[in-house]
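# Structural features, examined
Each chain, written out:
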Amino acid sequence: MGPTWDGCSGVHTHMTNTRITDIEILEKRYPVFVRKFTLRKGSGGEGLYKGGDGVLREILFRSPITLSVLTERRVLEPYGMEGGKPGERGLNLLIRTDGRTINLGPKTSVNVRPG
C-alpha cells in the first residue's frame, strides 16, 4: 500500500531466510502435492487504498514428514493505515485423514502423515 495505490497481493514481506517457494520447486523437493494456491480475495482490508490480499495454500502430504510453520498475523490482524481497516488474520489448519482439524498456530513443528 502506498499514498496513492493499493498494496500488492500474495507478496512475502518479512526479512528472514524464509520465502514463498514456487509450487514446482516445493513438489519436486518434498513429498507433497499443492492442491490449491490462490489469493484470499478481500483479505487485505478495506480503505481508500487496500492492503494486498494474502494467500491460501492447500498442501497434501504424500509421505510422513516434519512440517515446520513460521508465519505471522495469526493472532494480531494486519493493521490498517491512514484510516484503513485491518486485514484478515491468517490461519494454519492441519486436516487429518480421520477428519480431525487442528489449528497449528503461527509457529510450530509437527509430524504429518500421508493424506
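First, a word on what this report is: a plain description of the structure on this page. Predicted, not measured: the structure shown is a model, and the values here were computed from it.

## A few points about the overall build of the protein chain
Broken down by element type, the protein chain carries one helix and six strands. Each helix (α) and strand (β) of the protein chain, taken in turn from the N terminus, gives the series α-β-β-β-β-β-β. Across its three principal directions, the C-alpha atoms of the protein chain cover 45 × 30 × 25 Å. Across the 115 residues in the protein chain, those meeting the buried criterion constitute 18%. When contacts within the protein chain are restricted to residue pairs at least 6 apart in sequence, long-range pairs at least 24 apart make up 53% of them. Between the mean site of the 18 positive side-chain charges and the mean site of the 12 negative ones, the protein chain shows a separation of 7 Å.

## With respect to the pattern of salt bridges
Tallied over the entire structure, the rule returns six salt bridges. With a closest N to O distance of 3.8 Å, Glu-46 and Lys-50 form a salt bridge. Glu-46 gets classed as partly exposed once you look at its relative accessible area, which sits at 46%. In this structure, Arg-89 engages Glu-77 in a salt bridge whose closest nitrogen and oxygen atoms are separated by 3.1 Å. Of the two residues, Arg-89 sits in the loop between β3 (65-70) and β4 (93-95) while Glu-77 sits in the loop between β3 and β4, which places them twelve residues apart along the sequence.

Each value, and the rule that gives it
- Residues numbered from 1 in each chain as written.
- Predicted model: local features only at pLDDT ≥ 70, side-chain atom pairs only at ≥ 80, totals over all residues.
- Heavy atoms only, no water.
- Helix = DSSP H or I, 4+ residues; strand = E, 2+ residues; numbered from the N terminus.
- Buried < 20%, exposed > 50% of the residue type's maximum accessible area, 1.4 Å probe, protein only.
- Contact = heavy atoms within 4.5 Å.
- Lys, Arg positive; Asp, Glu negative; His and termini not counted.
- Charge placed at Lys NZ, Arg CZ, Asp CG, Glu CD.
- Salt bridge = Lys/Arg side-chain N within 4 Å of Asp/Glu carboxyl O.

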